[in-house]
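Structural overview for review
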Amino acid sequence: MALINEHFLKLQNSYLFSDIAKKVNAFKVTHPKERIISLGIGDVTQPLVPAVIDAMHKAVDDLGSKETFHGYGPDQGYSFLIDTIIRNDFTSRGITIESGEVFINDGAKSDTGNIGDILGYDNSIGVTDPVYPVYIDSNVMAGRAGTLNKGKWSDVVYIPCTEENNFVPDLPSRKVDILYLCYPNNPTGTTLSQKELKKWVDYALENNIIIMYDAAYEAYIRNPDIPHSIYEIKGAKKVAIEFRSFSKTAGFTGVRCGYTIVPKELNGFTSNSRRISLNQLWNRRQATKFNGTSYITQRGAEAVYSPEGKEQIKASVDYYMTNARIMREGLLECGLKVYGGEDAPYIWLKTPNHINSWKFFEKLLYETYIVGTPGVGFGPSGEGYLRLTAFGDRNDTLEAMTRLRQWLI
Ligand SMILES: *Cc1c(COP(=O)(O)O)cnc(C)c1O
């Protein structure tokens, strides 16, 4: 008899974005003529830049002739891409990363979810709250989360990030072994300064904790005091794995490419306290379960770092960040409280008059035909907030602000 992994049965059936879609569809039935503006999606809308397209076209041609054909690539990724990443994303910031520490993948979601394969089932998990759902759900599947009551998993330590602490998480009140940090943050759009991040690295060093650092939105940082990589903090290579993605940086949400840094100095422990290199374990895991990102995709990712690529990508990031500025200014003008949006493509809006997230979502939908994402969908501390994204079209963003001004002023 084939048994299933029963931890899957603990996962909630309904998923935030399908609940939203249901409510939007119900609205459309009764309001067929109204034009909805979606500021809810976490996906990019600008096309791939020409430098990437050209590189991918050329890579397709490479595969079409015997001399330049590529079959299976190296497990960790092609050195043309790994070396380019190290030079541009790390060496340029004074960080030393070896080629054996970079693992090219098909996006950060896969690795943030799969990294648990090399970690013991008894680890306790800490997350900032609200949070990107993948960190929790992948641990639920592995049996590390316990049971769900009132929106919280019993074995997960939730570290609230709210207006009260200015979205800077305090050190956890309970012991954790694995800690997930995502900065710039999805969903709040807030960041941590060097000093605030150092507090976490020091804490991890003192307590033998591993930090899973998701830097998917690194390209959106404008403020020079905000670290782009956790390895800018001294000692972080001993305690942190960093996840990067070309999805939000370069519009690769459909192409699929990212990379993970697993430093060679990073150790985990056996139950009898023997130190084991996580780099070796992850290498073994990937070599067994992953056969690499396509040659065409890796050539496309390499082009992100060419002089033309950099310029073109900067233009699309600037486009989204101009949307973010338009939204921040518009919402502030309406007398709303907004957070984020300065070093990230997300705006975290405090609902007016203490309305709950879903009520405000519905009011916004029915009275302004704008779709946001209810903050509570990202965790209990998201109650009373709504996430808006800057990934929309410029005209839609402007129109949404006009509607809000008419609604609220
Ligand atoms: C979008 C996003 C990613 C990127 O995921 P990919 O699988 O690389 O597309 C990673 N982390 C967070 C928090 C995100 O919002």
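Residues numbered from 1 in each chain as written. Predicted model: local features only at pLDDT ≥ 70, side-chain atom pairs only at ≥ 80, totals over all residues. Heavy atoms only, no water.

The next subject is the sheet that holds strand β9 (residues 240–245). With mixed pairing, seven strands are arranged side by side in an open sheet as β2-β10-β9-β8-β7-β3-β6. Looking at which strands have only one partner, the edges of the open sheet turn out to be β2 (102–105) and β6 (156–160). Taking the axes of each pair of neighbouring strands and ignoring which way they run, one obtains an average angle of 20 degrees across the sheet. Alignment of strand β3 (residues 125–129) against strand β7 (residues 178–182), held across three bridges, turns out to be parallel. (Pairing = 2+ DSSP bridges. Helix = DSSP H or I, 4+ residues; strand = E, 2+ residues; numbered from the N terminus. Axes fitted to C-alpha atoms, helices over the stretch in contact; angles between N-to-C directions.)

The full count for this structure, using the stated rule, is 24 aromatic pairs. Their ring planes at 70 degrees and their centres at 5.3 Å tell us that Tyr 132 and Tyr 135 sit as a pair that is edge-to-face. For Tyr 132, a relative accessible area of 21% translates into the label partly exposed. You can call Tyr 135 buried: its relative accessible area is 2%. Residues Trp 348 and Tyr 385 carry aromatic rings whose centres are separated by 5.3 Å and whose planes lie at 10 degrees to one another, so their mutual orientation is stacked. One end of the pair, Trp 348, is in strand β14 (residues 346–350); the other, Tyr 385, is in strand β17 (residues 385–389), with 37 residues separating them in the sequence. For Trp 348, a relative accessible area of 0% translates into the label buried. Residue class for Tyr 385 comes out buried when judged on its relative accessible area of 3%. Ring pairs connect the aromatic residues Tyr 217, Tyr 220, Tyr 319, Tyr 320, Tyr 346 and Phe 391, which therefore count as one cluster. We note Arg 299 situated over the ring of Phe 80; from NZ or CZ to the ring centre the distance is 3.6 Å. Its end group placed over the ring of Tyr 319, Arg 394 keeps NZ or CZ at 4.5 Å from the ring centre. (Phe/Tyr/Trp six-rings, centres within 6.5 Å; stacked < 30°, edge-to-face > 60°. Buried < 20%, exposed > 50% of the residue type's maximum accessible area, 1.4 Å probe, protein only. Lys NZ or Arg CZ within 6 Å of the ring centre and 35° of its normal.)

A word on the packing of helix α2 (residues 50–63) against helix α9 (residues 295–303). Across the interface, α2 lies against α9 with an axial gap of 8 Å and an inter-helix angle of 145 degrees. Seen from above, α2 lies across α9 with right-handed handedness. Between α2 and α9, the residues in contact are Ala 51, Val 52, Ala 55, Met 56, Ala 59, Val 60, Asp 62 and Leu 63 and Tyr 295, Ile 296, Thr 297, Arg 299, Gly 300 and Ala 303, respectively. Across the contact of α2 with α9, the residue classes break down as ten nonpolar, two polar and two charged. (Left-handed = near helix turned anticlockwise from the far one by under 90°. Contact = heavy atoms within 4.5 Å. Nonpolar A, V, L, I, M, F, W, Y, C, P; charged D, E, K, R; others polar.)

A few words now on helix α6 (residues 194–207). Between its first and last C-alpha, α6 extends 20 Å over 14 residues, near the 20 Å set by a 1.5 Å rise per residue. When α6 is considered as a whole, its buried residues turn out to be Leu 197, Trp 200, Val 201, Tyr 203 and Ala 204. Along the axis of α6, the buried positions cluster into a sector of 160 degrees, meaning they face one direction only. Structural note: α6 exposes Lys 195 and Glu 206 on the side pointing more than 90 degrees away from its buried face. Among the structural elements, β6, β7 and β8 (210–214) are those in contact with the buried residues of α6. Once α6 ends, the next one or two residues include Asn 208, with phi positive near 55 degrees. (Expected span 1.5 Å × (residues − 1). Arc of directions from axis to C-beta.)

To continue, consider the site of the ligand. In the neighbourhood of the ligand, 14 residues make up the surrounding shell, with Tyr 217, Ser 245, Ser 247, Lys 248 and Arg 256 lying closest. Within the backbone of Ala 108, an N or O atom sits 2.7 Å from an oxygen atom of the ligand. Contacts to the ligand include Arg 256, whose side-chain N or O atom sits 2.6 Å from an oxygen atom. Contact with the protein chains covers 93% of the free accessible surface of the ligand, which is 380 Å². When residues of the shell around the ligand are traced back to their parent elements, those giving at least two are α4 (108–114) and α7 (246–250). Among the residues making up the shell around the ligand, the classes are represented as six nonpolar, four polar and four charged. (Near = heavy atom within 4 Å. Polar contact = N/O pair within 3.5 Å; in protein donor to acceptor, adjacent residues only side chain to side chain. Areas by Shrake-Rupley, 256 points an atom, 1.4 Å probe, with all protein chains shown as cover.)

Here we come to unusual backbone geometry. At the junction of Asp 129 and Pro 130, the peptide bond is cis and its omega measures out at 10 degrees in the coordinates. Of note, Pro 130 is situated in the loop between β3 and α5 (133–141). Along the chain, Asn 186 connects to Pro 187 via a cis peptide bond; the corresponding omega equals 15 degrees. Along the chain, the position of Pro 187 falls in the loop between β7 and α6.

Moving on: the sheet that holds strand β16 (residues 373–374). Taken together, four strands build an open sheet; the order of strands is β13-β14-β17-β16 and the sheet is antiparallel. Looking at strand neighbours, the two that pair on one side only are β13 (337–340) and β16, the edges of this open sheet. Where β14 lies against β17, five bridges are found, and the strand directions are antiparallel. Bridge assignment links Lys 350 to a residue of β17, and that residue is Tyr 385.

Moving on, we come to the domain arrangement of the protein chain. Domains assigned within the protein chain are domain 1 (13–47 + 309–408) and domain 2 (53–307). Once you take the C-alpha centre of each, domain 1 and domain 2 turn out to be 26 Å apart. If you look at the interface, domain 1 gives 30 residues, while domain 2 gives 39 residues. With both chains or domains summed, domain 1 and domain 2 bury close to 2,700 Å², and 58% of this area falls on carbon and sulfur atoms. Scanning the region where domain 1 abuts domain 2 turns up three salt bridges. Where Glu 163 meets Lys 337, a salt bridge forms, and the shortest distance between an N and an O atom there is 2.9 Å. The tally of links from domain 1 across to domain 2 stands at 17 residue pairs in polar contact (both at pLDDT 80 or more). Of all the secondary-structure elements, those providing two or more residues to the side of domain 1 that touches domain 2 are α10 (307–333), β13, β14 and β17. Tallying contributions element by element places α10 first for the side of domain 1 that touches domain 2, with eight residues. Taken together, the residues of the side of domain 1 that touches domain 2 break down into 14 nonpolar, seven polar and nine charged. (Domains from an automatic or database assignment. Buried area = accessible area lost by both parts, 1.4 Å probe. Salt bridge = Lys/Arg side-chain N within 4 Å of Asp/Glu carboxyl O.)

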